[in-house]
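Single-letter residue listing:
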Amino acid sequence: MKFTCLSEGRGYYFPPCHIVNICGFWVLLDCPLDLSALAVFSPLPIVISSLLDEKASIHSGQSSSNSESVRQDVSELLDSNKLIQAEPWYKTVKSLQLWSIYSIDVVLISSPMGMLGLPFLTRLKDFRAKIYATEAASRLGKLMMEDLISMHMELRQFYGPEESGCPQWMTWEKLELLPRALKDIVLGSERTELGGWMSIYGAADMKGCMEKVQFLKYAEEAYYNGSLTIKALSSGLEIGACNWNILSPKGNIIYLSGSVFASATATSFDYKGLEGSDVLLYSDFTACNDVDGEKNDFPPATGSSYSSNIGSCWETIPESWLDSDEYSEEMEKVSFICSCVLDTISDGGSVLIPIGRPGVMLQLLENISLSLESSNLKVPIYFVSSVAEELLAFSNIIPEWLSSQLQERFCSGQPLFTHIQLSNEKKLFVSPAIHSSKFLTSWQEPCIVFCPHWSLRLGPVVHLLQRWCADPNSLLIIEERADIKLALLPFEPMSMKVLQCSFISGIKLKKAIPLLKILQPKHVLVPESLRPHISCWNPKFSVHSFSENETIVVPKLKTFADMDIAMDMASELLIDTKMIQGKNIARLKGELLIEHGKYRCVLRNKQVLSSQVRPLLFLGRVDLDSLLMALKKMGMKVAAQHSQSTDGSENVSLVFISEPNEALIEVTSTQTTISVGDETTASLVSEAVRSTLVCF
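These numbers come from a predicted model, not from an experiment. (Residues numbered from 1 in each chain as written. Predicted model: local features only at pLDDT ≥ 70, side-chain atom pairs only at ≥ 80, totals over all residues. Heavy atoms only, no water.)

S.K.: Tell me about the overall build of the protein chain, and name the residues and values.
M.R.: Helix and strand content of the protein chain: 24 helices and 33 strands. Scored against the burial criterion, the 696 residues of the protein chain give a buried share of 51%. If you take every contact in the protein chain between residues at least 6 apart in sequence, the share linking residues at least 24 apart comes to 69%. A total accessible area of about 32,600 Å² is found for the protein chain, and carbon and sulfur atoms account for 51% of it. (Helix = DSSP H or I, 4+ residues; strand = E, 2+ residues; numbered from the N terminus. Buried < 20%, exposed > 50% of the residue type's maximum accessible area, 1.4 Å probe, protein only. Contact = heavy atoms within 4.5 Å. Areas by Shrake-Rupley, 256 points an atom, 1.4 Å probe, with all protein chains shown as cover.)

Right, dumping it as structure tokens:
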């Protein structure tokens, strides 16, 4: 198995992206967009004001032709005028552009955010892969893509038709003028990521993409080409988010994406389906952030203490985790947010919430409304989005994708969420845009507004921030991010209060290590920064580390693949059995198939089999000296060379044939590969190889 990490990602909004070769099939794991990179662009109102300022300066006779006056020092502090004032492009996974799209066989989507970049692939004529995603994740992902296209069209109306070819801001002359902070985002630290920027896809591209997606339920099996059995298992991160179990004839592989043990809205983490795998690809980078930020109280030197903590009752640990402090911690965060909202409303300010997680948004909407009711505060709540009505309607018909608490509410006859009741009571107003008549006629302040987009560059949030950024009584609630200063830059000076909150988006290190001990895989692939923390407690499985844009080879999972033999053929195993080189060998008449990731040998029509000439079978290991002697007797000019395989696991002997025609023979302990260009040489080489084996 070959594995390449194309992107480590950055949390929930930009999940990791990998590509793996399983039994000859290339599987792409997630296809996200780095929407945080939109921070380099100026939002629409700022662009308008900047253009007006520029026109005023021209009319006043000020010249802007002096190159020295516009050239910026990279060490200068940022201000809003230095942002890129152009129609935004979108940053994809740069390394994915280097792969042959035609070679990708399967795409697996782990979360709604993991599919936002898919239309860029599916619109290419060479794309032929099968896409698998859970039904809920694909529906939510589709809504997010529709909303993204709708918000971008607002900018398109201002900037006019899209430029043909490369836009002006992507020319090297313009890029050289960018401050270092912006240049690092656009070009990357190694200045190689410009090729990852793409203009937005259209509604037709998105529709074509969704037509290629096969929807799955949790634990439902899908079969690809008979060789791969694919199953989605709940990760608990978000509604419809999943981990993947891939079964092949050579073993099974688990893809562990960002996961949460306890969720207030999504189905709980399913760890049972992850146990006993041959390879576990650990792609949850939350633990890496714990290591980098020293937020975790687990020191590497005390890793052995986990064995005593787990003890003999390890089967009960995951059940206790589901009711652990993580759930309580999340509920405390929600309660604190609600208290801040109440304080803001009491002071006469408004609250703006551009959080992009559907589950978190629904949770906050319900808890804030309950807090307002208990405090006897009556202010309107607005949900402004082009897909708001469809999202809220969808959230009330998906009980199988929700947590056990919400499912119990549904079984008792109560609605899954309270937004229908809030709408009926005129406490919640749902609008597709801030300029719609429904929104304008119901508008009053103070109020609470849920809206996109968390990047603070697109959609209603830009206009509302422009309105409230100078109000010290108002509050912006946003998820914690590293580039918060850059995100808020266009709205400076910022008098508005800002509350940054972080929600759980993965497994922390102190629970990742015992989880791996519980799951007991044979091989584990982990990010490089996690390897010392996992290896220190001497796990029973082998640990392989990976870094971004590095291809690693996992040793063979099984020496021999499992095969099911039909009952009516089993008796033939006792007939005509020969002992050759210490092994019992029997010939069977049948057909070898691959179904549902397993080999099967079934009985075919005996008349058909009897009419066929039985080919000779050969057994044994190729002896290099005997092979070289046999080739020389046939008049061939040969040379031998010894080396090791790519992963260093076995010795490889290479036999080069230069005359009469060129050929290459690669001999290992398990297989012999012959590469030759003409049939005559091929038959001679094949005869020489057979002469060193036992025929039966």
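From this point, the discussion proceeds with the structure in view.
S.K.: How would you explain the pairing of strand 13 (residues 279-282) if you had to name every residue and give the values?
M.R.: Covered by surrounding structure in strand 13 are Val 279 and Leu 281 together with Leu 280 and Tyr 282, the residues of both alternating faces. Note: strand 12 (residues 251-256) against strand 13, 4 bridges, orientation parallel. Within strand 13, the position partnered with Leu 256 by the bridge is Tyr 282. Pairing between strand 13 and strand 20 (residues 523-527): 3 bridges, direction parallel. By the bridge assignment, Val 279 is partnered in strand 20 with His 523. (Pairing = 2+ DSSP bridges.)

S.K.: An account of the sheet that holds strand 17 (residues 448-450) is requested, with residue identities and associated values reported.
M.R.: Judged by pairing direction, the sheet is parallel, and its 6 strands sit side by side in the order 16-15-17-14-18-19 without closing on themselves. Edge positions in the sheet fall to strand 16 (428-431) and strand 19 (497-501), since each has one partner strand and no second. With strand direction ignored, the average angle separating the axes of adjacent strands in the sheet is 20 degrees. Sheet analysis places strand 14 (residues 351-353) next to strand 17, joined by 3 bridges and oriented parallel. Note that in strand 17 the partner of Ile 353 across the bridge is Phe 450. Relative to strand 17, helix 12 (residues 358-374) is tilted by about 165 degrees, and along the sheet it contacts strand 14, strand 15 (381-384), strand 16 and strand 17. Taken strand by strand, helix 13 (residues 388-395) contacts strand 15 and strand 16, and its axis lies near 125 degrees from that of strand 16. (Axes fitted to C-alpha atoms, helices over the stretch in contact; angles between N-to-C directions.)

S.K.: I'd like to hear about helix 13, residue by residue, with values.
M.R.: Ala 388, Leu 391, Leu 392, Phe 394 and Ser 395 are the residues of helix 13 that are buried. Buried positions in helix 13, seen along its axis, are confined to an arc of 160 degrees and lie on one side of it. Summarising the contacts, the buried residues of helix 13 are in contact with helix 4 (135-159), helix 12, strand 15, helix 15 (419-424) and strand 16. (Arc of directions from axis to C-beta.)

S.K.: Can you explain the sheet that holds strand 6 (residues 130-134)? Please cite residues and give values.
M.R.: Here we have 7 strands laid out as an open sheet, ordered 8-6-5-3-2-1-22, and mixed in their pairing. Across the chains shown, the open sheet's two edge strands, defined by having one partner strand only, are strand 8 (213-216) and strand 22 (551-553). Looking at each pair of strands side by side, their axes are set apart by 20 degrees on average, direction ignored. Strands strand 6 and strand 8 of the sheet are contacted by helix 4, whose axis makes an angle of about 100 degrees with strand 6.

S.K.: So what's going on with unusual backbone geometry? Residues and values would help.
M.R.: Looking along the chain, the bond that leaves Glu 445 and enters Pro 446 is cis, with omega of 0 degrees. Structurally, Pro 446 is set in the loop between helix 16 (437-442) and strand 17. Omega for the peptide link from Glu 492 to Pro 493 comes to 0 degrees, which places this bond in the cis form. Relative to the helices and strands, Pro 493 resides in the loop between helix 18 (484-488) and strand 19. The phi dihedral of Asn 376 falls on the positive side, at around 60 degrees, and the residue is not glycine. A residue is classified by how much of its surface remains accessible, and Asn 376, at 61% relative accessible area, is exposed. Despite not being glycine, Leu 456 shows a phi value in the positive range, around 60 degrees. Position of Leu 456 relative to the elements: it lies in the loop between strand 17 and helix 17 (460-468).

S.K.: I'd like to hear about the pattern of salt bridges, residue by residue, with values.
M.R.: Applying the stated criterion across every chain yields a total of 21 salt bridges. Across the pair Lys 231 and Glu 221 runs a salt bridge, and its minimum N-O distance is 3.8 Å. Here Glu 221 lies in strand 9 (residues 221-224) and Lys 231 lies in strand 10 (residues 228-234), a separation of 10 residues in the sequence. By relative accessible area, which is 37% here, Glu 221 ends up partly exposed. A salt bridge links Lys 333 to Glu 330; its shortest N-O distance comes to 3.4 Å. Here Lys 333 pairs with Glu 330, and both are found in helix 11 (residues 325-346), just 3 residues apart, close to one helical turn. Accessibility expressed as a relative area gives 12% for Glu 330, which makes it buried. (Salt bridge = Lys/Arg side-chain N within 4 Å of Asp/Glu carboxyl O.)

S.K.: Tell me about the environment of Ile 239, and please be specific about residues and values.
M.R.: The topology assignment puts Ile 239 in the loop between strand 10 and strand 11 (242-248). Under the relative-accessibility criterion, Ile 239 is labelled buried at 2%. Contacts of Ile 239, omitting those with residues within four sequence positions, involve Pro 112, Ala 136, Ala 137, Leu 140, Ala 266, Gly 359, Leu 362, Ile 398, Trp 401 and Leu 402.

S.K.: Explain the pairing of strand 9 residue by residue, including any values.
M.R.: Residues Ala 222 and Tyr 224 of strand 9 are buried on one face, while the alternating residues Glu 221 and Tyr 223, pointing to the opposite face, are not. Sheet topology places strand 9 next to strand 10; 4 bridges connect them, and they run antiparallel. Within the sheet, the bridge partner assigned to Tyr 223 lies in strand 10 and is Thr 229. The antiparallel hairpin formed by strand 9 and strand 10 contains 3 residues in its connecting segment, where Asn 225 sits at a positive phi of about 55 degrees.

S.K.: A description of the packing of aromatic side chains should follow, citing residues and the corresponding values.
M.R.: Going through the model one piece at a time under the given rule, you end up with 17 aromatic pairs. Relative to Phe 546, the ring of Phe 3 lies with its centre 4.9 Å away and its plane at 75 degrees, an arrangement referred to as edge-to-face. Remark: Phe 546 occurs in strand 21 (residues 542-546) and Phe 3 occurs in strand 1 (residues 2-7); sequence separation between them is 543 residues. A single burial state applies to Phe 3 and to Phe 546, both of which are buried. (Phe/Tyr/Trp six-rings, centres within 6.5 Å; stacked < 30°, edge-to-face > 60°.)

S.K.: Requested: an account of the side chain of Ser 199, with residues and values cited.
M.R.: Mapped onto the secondary structure, Ser 199 falls in the loop between strand 7 (197-198) and helix 7 (203-211). Judged by its relative accessible area of 17%, Ser 199 is buried.

S.K.: Explain the confidence of the model for the protein chain residue by residue, including any values.
M.R.: The share of residues in the protein chain with pLDDT of 70 or more is 82%, and the mean pLDDT across the chain is 83. Confidence over residues 46-75 falls short of pLDDT 50; this stretch has 23 contacts with residues more than four positions distant or in other chains. (pLDDT = per-residue confidence, 0-100.)

S.K.: An account of the nonpolar core is requested, with residue identities and associated values reported.
M.R.: Ranked by internal contacts, the top residues of the largest apolar core, which has 165 residues, are Leu 28, Trp 169, Val 186, Trp 197, Ile 448, Phe 450 and Ile 477. With 9 residues, the top contributor of residues to this core is helix 4. If sequence neighbours within four positions are ignored, Leu 28 has contacts with Leu 6, Cys 17, His 18, Ile 19, Leu 96, Ile 104, Val 106, Val 107, Leu 108 and Leu 121. If you look at the next biggest cluster of nonpolar residues, it comprises 23 residues, including Cys 447, Leu 464, Cys 469 and Leu 476. (Core = buried A, V, L, I, M, F, W, Y, C linked by side-chain atoms within 4.5 Å.)

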